[in-house]
Amino acid sequence: MTTMADILRSVLGRIWASSRIGDDFATLSACGGRFAGTESEARAREFLAGRIAEATGAAVTCRPFSYRGWTRGPASIAVAGKPPLPAVGLVRTPGTPPHGLSAPLIDLGRGTPDDMARAAAAVRGAIVLVRHEFMMGTDHVHRRRKYDAARAAGARGFVIAFHEPGCLAVTGSSGDGGPGHIPAVGVSHETGALLSAHAGQDVTLHTSGTFTDAVAENLFAAIPGRHEKRIVLSAHYDGHDLAASAIDNASGVAAAMAVVEALSEVVPTLPCGLELALFTAEEWALIGSRVHLDMLSARQRAEIACNINLDSVAGDATLTAITGGFPGVAEFVRRALEPAGLAVGLHQGFMANSDHANFVRHGIPALRVCAGFAKPDSNLRFLLTAADTPDKVRLTELKTAASVAAALVLAACTDPALPAPIQAEEGRRIAGF
Ligand SMILES: [Zn+2]
């Protein structure tokens, strides 16, 4: 008789014996940064649609959705009388007037909301300089909180400098470009230092971009189990256009495909089915997964037993499951990995930093697996810069992540004590949005 332990061993063996995960990771990274709305994103989608069909043997569904697209134009910042310094517009920043936006520069260091409140009088009417922080940890203040605090305090422009040397400008999203938003750019550590030396002086910020009505497509493939419930294994395939978006998130997509490929023959014999969901526009405030989950009927959402979301799962040897305070999820992770001899760190504070947040918002048990959590020296520090390239990732990291994800999926498909859904209202309270 085949036991679950036999199945688990054979699935993990398939992952470690296959070279596809490395090939898929390389192909996706070679598509470029996969910024939503670009040729690079379209190339990745085309590759993935074919590859998912091969890996799952199931029909691939492309579900299009409309969103407010944006194309990045040039950006720079200049101290009066000096040549302009390079900058990168944050995603969906409003443009400056053609002659630029001139205002005094104020350097708020880290630039937390408290810093912003303390310097409120000086922030009003100024261009505010703050610092980016390592994002994969508990004590960081996210760019969006700094940006929102700056505009709430009446800043006219926002500049965020990368926190480490290397001439790497940082990007990320800053809002939806609607009324009340202010021009926002990222710069390198070095440019930040040059600007800081001129704090108090007038600077001129230039940034531009074009808003368009756009359509993007999430990709799905389902392998039914014996009952109607299914586990959704997700990863976002979009990224940023500064680099290959290799860690974030070619790593998660390659690992997810390795999992469905290794499990494709097993799932039809299990109680729960498995759906692979590859979302896009995640880097745009999680739009792709939000639209998808909002469009499902209550009954369709009720069929999702659990979401396992893979985002930035390589670039360091350590993995963490962000279980977000969802009742029972941390215990489920421990129970699922123990028979495989695998272990991950557990972070039980909620972080709305990837697509799992939209599942939680609908009361569906969800977790995110990521690498390098709370390890600021790991390669995860290069996220959102031109250095998020394939050389930062080891093949063994990808395979370990796929093994952890496969063990979680296998357990979720069979665990009668899987965490129960909660009321959507309670999910929204946990998610905070
Ligand atoms: Zn990501």
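Residues numbered from 1 in each chain as written. Predicted model: local features only at pLDDT ≥ 70, side-chain atom pairs only at ≥ 80, totals over all residues. Heavy atoms only, no water.

Draft legend 1. Broad picture of the coordination of the zinc ion. Donor atoms from the polypeptide that coordinate the zinc ion comprise H236 (NE2), D248 (OD), D311 (OD) and D311 (OD), at 2.1 to 2.4 Å from the metal. Each of the four donor atoms bound to the zinc ion contributes to angles spanning 55 to 141 degrees, and the resulting shape is irregular. Each donor residue of the zinc ion lies on one chain, and together they are spaced H-x11-D-x62-D. Linking D248 in helix α8 (residues 246-263) with D311 in the loop between β11 (304-310) and β12 (319-322), this pair joins segments that are 63 residues apart in sequence. Note on accessibility: D248 and D311 belong to one class, buried. (Donors = N, O, S within 2.8 Å, 3.2 Å for Na, K, Ca; no water. Tetrahedral: all angles 85-135°; square planar, octahedral: opposite > 155°, others 65-115°. Helix = DSSP H or I, 4+ residues; strand = E, 2+ residues; numbered from the N terminus. Buried < 20%, exposed > 50% of the residue type's maximum accessible area, 1.4 Å probe, protein only.)

Draft legend 2. A look at the packing of helix α2 (residues 20-30) against helix α3 (residues 39-56). Close contact between α2 and α3 brings their axes to 10 Å; oriented N to C, the two are set at 160 degrees. Put simply, α2 runs roughly antiparallel to α3. When you trace α2 past α3, the crossing you get is right-handed. The segment α2 lies against α3, with R20, D24, T27 and L28 engaging A44, F47, L48, R51 and E54. The class makeup of the residues in the contact of α2 with α3 is four nonpolar, one polar and four charged. (Axes fitted to C-alpha atoms, helices over the stretch in contact; angles between N-to-C directions. Parallel < 35°, antiparallel > 145°, perpendicular 65-115°, else oblique. Left-handed = near helix turned anticlockwise from the far one by under 90°. Contact = heavy atoms within 4.5 Å. Nonpolar A, V, L, I, M, F, W, Y, C, P; charged D, E, K, R; others polar.)

Draft legend 3. Representation of the state of the cysteines. Counted according to the given criterion, the structure contains zero disulfides. Just so you know, C62 is unpaired, no disulfide at all, and the nearest cysteine sulfur is the one on C31, 15 Å from it. (Disulfide = S-S within 2.5 Å.)

Draft legend 4. A look at the environment of G200. By the secondary structure assignment, G200 is in the loop between α7 (189-196) and β8 (202-223). Residue classification places G200 among the exposed residues on the basis of a relative accessible area of 59%. Spatially, the C-alpha atom of G200 lies 44 Å from that of A42, the residues being 158 residues apart in sequence. Leaving out residues up to four positions away in the same chain, G200 has contacts with P104 and L105.

Draft legend 5. Region of interest: the side chain of H362. Relative to the assigned elements, H362 resides in the loop between α12 (356-361) and β14 (366-371). With residues near it in sequence (within four places) discarded, H362 still touches L293, D294, R301, I422 and A424.

Draft legend 6. Quick look at unusual backbone geometry. Of the consecutive residues D248 and N249, the connecting peptide bond is found in the cis state with omega at 15 degrees. Examined against the element boundaries, N249 turns out to sit in helix α8. Backbone geometry places R34, a non-glycine residue, at a positive phi of 60 degrees. A positive phi angle, close to 55 degrees, is found at C167, a residue other than glycine. Mapped onto the secondary structure, C167 falls in the loop between β6 (157-161) and β7 (184-187).

Draft legend 7. Expanded view of the nonpolar core. Judged by nonpolar contacts, the single largest core of 121 residues is most densely connected at I231, L233, I308 and L408. Structurally, this core is a two-domain feature, drawing no fewer than three residues from each of domain 1 (4-68 + 214-431) and domain 2 (70-209). (Core = buried A, V, L, I, M, F, W, Y, C linked by side-chain atoms within 4.5 Å. Domains from an automatic or database assignment.)

Draft legend 8. Molecular detail of the pairing of β14. For β14, a buried count of six out of six residues is recorded, marking the element as mostly surrounded by other parts of the structure. As defined by bridge partners, β11 adjoins β14 across four bridges and the pair is classed as parallel. If you follow L310 over to β14, its bridge partner there is V369. Pairing analysis gives four bridges linking β12 to β14, with the strands arranged antiparallel. Paired with A321 across the two strands is V369, which belongs to β14. (Pairing = 2+ DSSP bridges.)

Draft legend 9. Molecular detail of the domain arrangement of the protein chain. Partitioning the protein chain into domains gives domain 1 (4-68 + 214-431) and domain 2 (70-209). The C-alpha-based centres of domain 1 and domain 2 are spaced at 32 Å. Across the boundary between the two partners, domain 1 contributes 28 residues, which contact 25 residues of domain 2. Between domain 1 and domain 2, roughly 2,000 Å² of surface is buried when both sides are summed, and carbon and sulfur atoms account for 68% of that area. Looking at the side of domain 1 facing domain 2, the largest losses of area belong to R68, R381 and L384, adding up to 26% of the total buried there. The tally of links between domain 1 and domain 2 comes to two salt bridges. Among the ionic pairs, R72 bridges to D241, the shortest N-O distance being 2.3 Å. Scanning the region where domain 1 abuts domain 2 turns up five residue pairs in polar contact (both at pLDDT 80 or more). Looking at the side of domain 1 that touches domain 2, the element that brings in the most residues is β14, giving three residues. Within the side of domain 1 that touches domain 2, the residues separate by chemical class into 17 nonpolar, five polar and six charged. (Buried area = accessible area lost by both parts, 1.4 Å probe. Salt bridge = Lys/Arg side-chain N within 4 Å of Asp/Glu carboxyl O. Polar contact = N/O pair within 3.5 Å; in protein donor to acceptor, adjacent residues only side chain to side chain.)

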